[in-house]
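One letter stands for each residue in the lines below.
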Amino acid sequence: MIKDIQSAANLAPAYDLVVVGAGPAGLSAAIEASTHGLAVLLADENESPGGQIYRSVDRASDADLTRMGPDYAAGRRLIERFRGADLSYARRATVWSVGPADEETGDGAHALEVGISLGGIARPIAADRVILATGALERPFPFPGWTMPGVMAAGAAQILMKSSGLVPSGRTILAGTGPLLYLLASQLLRAGVSVIAVVDTTPVENWRLALPHVLSFATSPYALKGLKLLLEVHRHTRVIRGATAIEAVGSGQFSALRVHRSNKSLHIEGDLLLLHQGIAPNLNLTLAAGCDYVWDERLAAFRPNVDGRGASSVSGVSIAGDAAGIVGAVASAHQGELAGLAAALDLNRIGQSVYEQRRAQHAQKLARALRGRTFIDDRFRPGKTFRVPEDDGTIICRCEEITAGKLREVAALGVPGPNQMKAFTRCGMGPCQGRLCGLTAVELLAQCRGVPPGEVGYYRLRPPIKPVTLSELAALPHTEAATIAVAGFVERAHDGAQDATYGSHR
Amino acid sequence: MFRRLPDRKESSVSFTFDGVPTMACQGDSVASALLAAGHCSTRRTPVSGAVRGPYCMMGVCFECLVKIDGRPNRQGCMTTVVEGMRVETQDGAAMPGQEE
Ligand code: FES
């Protein structure tokens, strides 16, 4: 049985393994490692286990399961296994740093230190191994009007449906590309939502890129599922292809989508616009932990460098699932198992032969789950103009309201990377810490400089990667130097607790 | 803009939004509860004063920032609504330490 931990005060000072994230990869890693006798802590920021994909599945009714489909329902079994495992679980926890143990405050016995805040208390926890399973984020989808109320991410609509049984009540338009766009369309249609159009922005030339991989896709489980989905959506709503640009219009509230196509444009009135153009690895914690990363042209995103068992460039830190590269829920679970198993071997809880045997089993399942992935990546790669808006008035950084034009102006001055761009424009300096502008800003800068995005690099990310309140920090047993490293300043004792600090930005 | 599916049977919770009594369902996040009550705009930006509302619902975009029980900069989508909670629109930047 898992041990539910409500406050950081009740955490053990050290664990063999800390897993961050309770999606398929994190849950599987934690289960696997605990099976081999490791003392495991799984920390997750949500209310219940499952990650975004299996969100609220353990509370789901039969009607919910029917609406969301069998891939969602499959999460139930995983969560049941997790609940039966012998490990500690900290939900609603924020992990704001991962790094080598502090020489001054560390216990000397454990290599790593994880900063966790939970129940209003922040604490450093020692660990021998850390597995980061922080999943993916929806790729930014900047175009004129995307910041307006009434325009939301497709994932948001899924979350509302899964956790609160809320569905759009008005005319709903979906726009973008990728399997999730069609999955959401079918889920909304099944829930009786008036989906008036799906505007598919997939570039036509993607077919040519994807063609060499069509065979392995055709024999993968994705093929039949995908085909069914497409048919279902086509049968019940209007699918519009060939869009070269889109624009949300409305005064203070979304009221229509303008779709530009090569010869004519369309004006579709609606009440809610849901956007999706794929997902990209969530980099914030892995980069803040100091893991090396590369630009992946196929994903059109950065991903951390990991080896076959998920080990990153930072000793003791592994990355599993979509956080290391987009692989989907099933493959994520197998990667989690592999990482959990490797931790058991590294900490001498299993012998080499047991390891090899289990590794081979997991690896085989992983290979099967990865079939067809390359085709999907190529087929649904979002077009360049949808990744880097041509329109100069488009807001790129939602937090600081920085437009594409402003970024191009600064890029023309010859700034080498996104960090300097941030210094000039504040792009990426807001509370989201670049999560909604990072990829766009990097690609825009690379485009202006005529170099690959890998050469431009990503934002330098430092802990805390999520806001930690000063009152939480004040409870940390640490040196002044450590406080400055985390908070950027030291709060002198005066009246009462203060609030959200964004750390290194201050 | 959103409606509750009829097969949901959670008990209800009441809170206030900008002083107006509002109903939610047990387990709703503050952002979900506001959307369910028809509020798509929940803050004004510090830079231009533009209206914004929840975008990602998963703690990433910070568009759902609201004041909760007097504390600014709360992520509405990551906070579960509880009976009697006082939620307010966040107007512009809330500086650290700005409390009521
Ligand atoms: S809606 Fe994006 S952080 Fe809450």
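Residues numbered from 1 in each chain as written. Chains lettered and ligands numbered in written order. Predicted model: local features only at pLDDT ≥ 70, side-chain atom pairs only at ≥ 80, totals over all residues. Heavy atoms only, no water.

What follows concerns the overall build of chain A. A count of helices and strands for chain A gives 20 helices and 23 strands. Over its C-alpha trace chain A gives a radius of gyration of 23 Å, about what one expects of a compact globule, namely 23 Å for 506 residues. With the C-alpha coordinates aligned to their principal axes, the bounding extent of chain A is approximately 70 × 50 × 40 Å. The buried share among the 506 residues of chain A stands at 60%. Counting contacts in chain A only where the partners sit at least 6 residues apart, residues at least 24 apart contribute 66% of the total. When the accessible surface of chain A is summed, it comes to about 19300 Å², and 53% of that surface belongs to carbon and sulfur atoms. Across chain A, the 51 positively charged side chains and the 48 negatively charged ones have centroids separated by 7 Å. (Helix = DSSP H or I, 4+ residues; strand = E, 2+ residues; numbered from the N terminus. Rg over C-alpha atoms; globule rule 2.2 N^0.38 Å. Buried < 20%, exposed > 50% of the residue type's maximum accessible area, 1.4 Å probe, protein only. Contact = heavy atoms within 4.5 Å. Areas by Shrake-Rupley, 256 points an atom, 1.4 Å probe, with all protein chains shown as cover. Lys, Arg positive; Asp, Glu negative; His and termini not counted. Charge placed at Lys NZ, Arg CZ, Asp CG, Glu CD.)

Counting residues at the interface gives 59 residues for chain A, matched by 41 residues for chain B. The junction of chain A with chain B conceals about 4100 Å² of combined surface from both sides, 55% of it contributed by carbon and sulfur atoms. Inspection of the chain A/chain B interface yields four salt bridges. Here Asp64(A) ties to Arg8(B) by a salt bridge, and the two come within 3.2 Å at their closest N and O atoms. Linking chain A with chain B are 18 residue pairs in polar contact (both at pLDDT 80 or more). At the level of elements, helix H2 (62-68), strand S8 (136-138), strand S9 (151-153), helix H5 (154-164), strand S10 (166-168) and strand S17 (272-277) of chain A are the ones that each hand at least two residues to the side of chain A that touches chain B. (Buried area = accessible area lost by both parts, 1.4 Å probe. Salt bridge = Lys/Arg side-chain N within 4 Å of Asp/Glu carboxyl O. Polar contact = N/O pair within 3.5 Å; in protein donor to acceptor, adjacent residues only side chain to side chain.)

Let us look at the pairing of strand S20 (residues 301-304) of chain A. When a strand is regular, its side chains alternate between the sheet's two faces. Residues and elements named next belong to chain A. Note: strand S19 (residues 293-296) against S20, four bridges, orientation antiparallel. Across the sheet, residue Trp 295 finds its bridge partner in S20, namely Phe 302. Counting the residues in the hairpin turn of S19 and S20 gives four residues, including Ala 300, whose phi is positive at 55°. (Pairing = 2+ DSSP bridges.)

This brings us to the confidence of the model for chain A. Summing up the model confidence of chain A, the mean pLDDT is 90 and the portion of residues at 70 or higher is 92%. Confidence drops under a pLDDT of 50 for residues 483-506 of chain A, and excluding neighbours within four residues, the segment shows 59 contacts in the predicted structure. (pLDDT = per-residue confidence, 0-100.)

All names here are of chain A. Note that Glu 443 resides in helix H17 (residues 438-449). Residue class for Glu 443 comes out buried when judged on its relative accessible area of 2%. Side chain to side chain, Glu 443 and Arg 387 meet in a polar contact 2.8 Å long. Apart from the residues within four sequence positions on either side, Glu 443 is in contact with Arg 139, Trp 295, Ala 300, Lys 384, Arg 387, Val 388 and Pro 453.

Another aspect to go through is the sheet that holds strand S14 (residues 243-249) of chain A. Residue and element names in this part refer to chain A. Within the open sheet, the three strands sit side by side as S14-S15-S16. Their pairing is antiparallel. On the outer flanks of this sheet lie S14 and strand S16 (265-269), each paired with one strand and no other. Here the strands of the sheet are splayed against their neighbours by 20° on average, with no regard to which way each runs. Here strand S15 (residues 256-261) runs beside S16; their pairing, made up of five bridges, is antiparallel. Considered in S16, the bridge of Ala 256 is made with Glu 269. (Axes fitted to C-alpha atoms, helices over the stretch in contact; angles between N-to-C directions.)

A few words on the nonpolar core. One broad trend across soluble globular proteins is that nonpolar side chains are buried collectively. Grouped together as the largest cluster of nonpolar side chains are 169 residues, with contacts concentrated most on Ile116(A), Val199(A), Ile246(A) and Leu273(A). The element best represented in this core is helix H11 (residues 329-346) of chain A, accounting for seven residues. Every residue in contact with Val199(A), bar those within four places of it in the chain, is listed here: Ile173(A), Leu174(A), Ala175(A), Gly176(A), Leu181(A), Ile240(A), Ala243(A), Ile246(A), Leu257(A), Val259(A) and Ile268(A). Phe15(B), Val66(B), Ile68(B) and Val87(B) belong to the second largest nonpolar core, which has 11 residues in total. (Core = buried A, V, L, I, M, F, W, Y, C linked by side-chain atoms within 4.5 Å.)

Residues and elements named next belong to chain A. Taken N-terminus to C-terminus, the directions of helix H1 (residues 24-35) and helix H4 (residues 75-83) make an angle of 35°; their axes are 10 Å apart at the nearest point. Handedness of the H1/H4 crossing: left-handed. Residue-level contacts link Pro 24, Leu 27, Ser 28 and Ile 31 of H1 to Leu 78, Ile 79, Arg 81 and Phe 82 of H4. Tallied by class, the residues present in the contact of H1 with H4 amount to six nonpolar, one polar and one charged. (Left-handed = near helix turned anticlockwise from the far one by under 90°. Nonpolar A, V, L, I, M, F, W, Y, C, P; charged D, E, K, R; others polar.)

Residue and element names in this part refer to chain B. Of the residues in chain B, 92% have a pLDDT of 70 or more, and the chain-wide mean is 90. Taken as a whole, residues 95-100 scores under 50 in pLDDT and shows 17 contacts with residues more than four places along the chain or in a different chain. The ipTM value of the predicted complex is 0.94, and its pTM value is 0.91.

With that out of the way, let us pick up the pattern of salt bridges. A side chain of one charge can pair with a side chain of the opposite charge when the charged atoms of the two come close. One pass over the structure, following the stated rule, counts 34 salt bridges over all chains. Of the charged contacts, one joins Arg67(A) and Asp64(A) as a salt bridge, the two residues approaching to 2.6 Å between their closest N and O atoms. Of this pair, Arg67(A) and Asp64(A) both sit in helix H2, three residues apart, which is roughly one turn of the helix. Here the two residues Arg67(A) and Asp64(A) agree in accessibility, since each one is buried. In this structure, the salt-bridge partner of Asp71(A) is Lys225(A), at a minimum N-O distance of 3.1 Å. Of this pair, Asp71(A) sits in helix H3 (residues 70-73) while Lys225(A) sits in helix H9 (residues 221-236), and the two are 154 residues apart along the sequence. One salt-bridge network, in which partners are shared between bridges, spans Arg59(A), Asp64(A), Arg67(A), Asp7(B), Arg8(B) and Glu10(B).

For the rest of this paragraph, the subject is the pairing of S15(A). Residue and element names in this part refer to chain A. Where S14 meets S15, six bridges bridge the pair, whose relative direction is antiparallel. Within S15, the position partnered with Ala 245 by the bridge is His 260. Joining the antiparallel neighbours S15 and S16 is a turn of three residues.

Looking now at the environment of Gly51(A). All names here are of chain A. You can see Gly 51 is positioned in the loop between strand S3 (40-43) and H2. A relative accessible area of 13% places Gly 51 in the buried class. With 61 residues separating them in the primary sequence, Gly 51 and Leu 112 have C-alpha atoms 24 Å apart. When near neighbours in sequence (up to four residues on either side) are disregarded, Gly 51 contacts Ala 22 and Gly 23.

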